[in-house]
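Chains, contacts and geometry: an overview
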Amino acid sequence: MADFLSDLQAHFGQAYTIERELGGGGMSRVVLARDTRLERRVVIKVLPPSVTAEISSDRFKREIMLSAALQHPNIVPVLLAGEFGGLPYFVMPFIEGESLRARMMRGPLSVRETVSILKDVTRALTFAHGRGIIHRDIKPDNVLLSSGAAVVTDFGVAKALSASRHAAARPPSPTITGIGMSPGTPAYMAPEQAAADPSTDHRADLYSLGILAYEMLAGTPPFHGRTPQALLAAQLSEKPPPLSSRRYDVPRMLSDLIAQCLEKEPKRRPDTAQSVLRTLEDPAVVSGVFDAPVTSRRRTRPSTIVSLLLIGSLGVSAAWMWRSNRAAASAPADLLLPAPAATPVAVDRSIAVLPLEGIGQDTRAREVARGLTSEVTGALVGINGMRVSSEASAIAIRDRIRAASDSGPRPDVAMLLEGTVQREREAMRVVVRLVQTANDSTLWSQVFNGSADSTLALQSNVARAVTAAVVTRVR
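Here is a short report on the structure shown in this document. (Residues numbered from 1 in each chain as written. Predicted model: local features only at pLDDT ≥ 70, side-chain atom pairs only at ≥ 80, totals over all residues. Heavy atoms only, no water.)

Looking now at the nonpolar core. Membership of the largest hydrophobic core comes to 50 residues, with the highest contact counts inside it found for Leu100, Ile117, Phe155 and Leu254. Setting aside anything within four residues of it in sequence, one finds leucine 100 in contact with Leu109, Ile117, Pro140, Val143, Leu145, Leu212 and Met216. Val353, Met415, Val430 and Val466 belong to the second-largest nonpolar core, a separate cluster that totals 31 residues. (Core = buried A, V, L, I, M, F, W, Y, C linked by side-chain atoms within 4.5 Å. Buried < 20%, exposed > 50% of the residue type's maximum accessible area, 1.4 Å probe, protein only. Contact = heavy atoms within 4.5 Å.)

Next comes the structure, spelled out in structure tokens:
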């Protein structure tokens, strides 16, 4: 590392003072430096040989400097681009704060915080798309949070990599993305982008925006925990689990907007980033009505044939799958979800209570969540003949439910209770859901609203309602 930094310092001379290398650069080495002429800190991103072996440095520089014209409060601009030791680099201002990825490592975001960030990212996309520039790699790592605002970085990098790779007239390599496809990140890549469809347009960014929104609210992207090949297969062919099956306090308008952004067929997504922004500015996306929680069908894994095609000949098979999906995209969405149960289902007298989750970084919400968990557990223990599992057992049961296949062993309790607590100023909102573990179906759910000054009354109301719901459903 010392040689790299000293060589970089020699390259820039007195223009920049190299300070240190930063982590988390993904496919580039990121160095913090000081611009000695303007007395400001900058970030220098140098592409590694694994990427640059197949691109034209001159073409990369020309392409990425196109994004230098993007002067917008929610876009981190490119200041300079060049070549260092045969490796392309570009320079951007240093942003004080943290990445959205770092923020999400501390847990899911509140609805209000999510919408605020989405507005800023969408403003950046609206501006860039209006000038014919597509990001192609919207993800938490490329969204920075600073002074209460979100800014988008690395505009034009994916396009520059793609264009300069073709200019080098060499066959594509898996080093560009790790999987041999068009530049981007599999977990956030639109179906048409994954299939290397030449007609990919700005709506690919809207799909990635939908993934970003889903992850902020649910804690993970829709197809979390899969290999890159399986991720691409899912982006091409699987319907994401409904957001209401992962979190129960998301207003219907916001949930519907995210679902529309995640449509496989581009023409079924919003037409523009501007139209997404108009929806996000509607107060109902934060405080509107809620849908009753639903449970998606158990995840359908790509067929063996598709998986083999993706692994053995990913580019050709992905394009074929994309064309096939266009015909299937018009199927009515309600055919893909199970119908809700018309009457309460009788189950055995056993339940596991998950610790209720305090949404966001609000200490008061977490305290109320802990108190609610204890009060609800105590109320359920008082039901005659009810077997209540320990907190540790409840977490293990939840994990087994999420990991189990259709033919795998089922948990040894009949019901699972889970929920969230969120505070908005002086208002408290509690959402609880009773799940039948045999088939992951929702037996009962309810939203409770109360005051932050009257949490004991709120806890008692929730405990009574949960107890009544359980009693009416046990044998």
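Here we take up the sheet that holds strand β5 (residues 87-93). If you trace the five strands from one edge of the open sheet to the other, you get β1-β2-β3-β5-β4, paired in antiparallel fashion. Of all strands in the sheet, those with a lone pairing partner are β1 (16-22) and β4 (80-84), marking the two edges. Across the sheet, the axes of successive neighbouring strands diverge by a mean angle of 30°, strand direction being ignored. Bridging between strand β2 (residues 29-35) and strand β3 (residues 40-46) involves seven bridges; their strand directions are antiparallel. Residue pairing for β3: arginine 34 is matched across the bridge by arginine 41. Running at roughly 165° to β4, helix α3 (residues 57-65) makes contact with β4 and β5 of the sheet. (Pairing = 2+ DSSP bridges. Helix = DSSP H or I, 4+ residues; strand = E, 2+ residues; numbered from the N terminus. Axes fitted to C-alpha atoms, helices over the stretch in contact; angles between N-to-C directions.)

This next bit is on the pattern of salt bridges. Within this structure, the stated rule accounts for 20 salt bridges. Notably, a salt bridge pairs arginine 41 with glutamate 19, separated by 2.8 Å at the nearest N-O pair. Of the two residues, arginine 41 sits in strand β3 while glutamate 19 sits in strand β1, which places them 22 residues apart along the sequence. With a relative accessible area of 27%, arginine 41 lands in the partly exposed category. When its relative accessible area of 33% is taken as the criterion, glutamate 19 is described as partly exposed. (Salt bridge = Lys/Arg side-chain N within 4 Å of Asp/Glu carboxyl O.)

Bringing the packing of helix α5 (residues 111-129) against helix α11 (residues 273-280) into the picture now. Orientation of α5 relative to α11, taken along the N-to-C sense of each, is 155°, at an axis distance of 8 Å. When the axes of α5 and α11 are compared, the pair comes out roughly antiparallel. The two elements α5 and α11 meet at a crossing, and its hand is left-handed. Touching Val115, Leu118, Lys119, Thr122, Arg123, Leu125, Thr126 and His129 of α5 are Ala273, Gln274, Val276, Leu277 and Leu280, all from α11. Partitioning the contact of α5 with α11 into residue classes produces seven nonpolar, four polar and two charged. (Parallel < 35°, antiparallel > 145°, perpendicular 65-115°, else oblique. Left-handed = near helix turned anticlockwise from the far one by under 90°. Nonpolar A, V, L, I, M, F, W, Y, C, P; charged D, E, K, R; others polar.)

Next up on the list: the packing of aromatic side chains. Think of a pair of aromatic rings as described by two things: how far the centres are apart, and how the planes are tilted against each other in angle. Counted by the stated rule, this structure contains three aromatic pairs. Relative to phenylalanine 84, the ring of phenylalanine 4 has its centre 6.0 Å away and its plane inclined at 70°; by these criteria the two rings are edge-to-face. Taken together, the positions of phenylalanine 4 in helix α1 (residues 2-12) and phenylalanine 84 in strand β4 put the pair 80 residues apart, joining distant regions of the chain. Taken together, a centroid distance of 5.1 Å and an interplanar angle of 85° make the contact between phenylalanine 12 and tyrosine 16 edge-to-face. Taken individually, phenylalanine 12 and tyrosine 16 each receive the classification buried, so the pair is uniform in this respect. One aromatic cluster in this structure is built from Phe12, Tyr16 and Tyr89. Here arginine 37 stacks its cationic end above the ring of tyrosine 16, 5.9 Å away from the centre of that ring. (Phe/Tyr/Trp six-rings, centres within 6.5 Å; stacked < 30°, edge-to-face > 60°. Lys NZ or Arg CZ within 6 Å of the ring centre and 35° of its normal.)

Let us now look at the pairing of strand β12 (residues 415-424). The element β12 is largely enclosed, with a buried count of eight among its 10 residues. The pairing of strand β9 (residues 350-353) with β12 spans three bridges and is classified as parallel. Bridge pairing in β12 links isoleucine 351 to methionine 415. Bridging between strand β10 (residues 357-358) and β12 involves two bridges; their strand directions are parallel. Looking at the pairing, glycine 358 lines up with valine 421 of β12. Summarising the sheet, β12 and strand β13 (residues 427-436) pair through 10 bridges and their orientation is antiparallel. From the neighbouring strand, leucine 416 faces β13, where its bridge partner is valine 435. Turn length for the β12-β13 hairpin, with the two strands adjacent in sequence and antiparallel, is two residues, and the turn residue arginine 425 shows positive phi of about 55°.

Function cannot be inferred from these measures alone, as they are strictly geometric.
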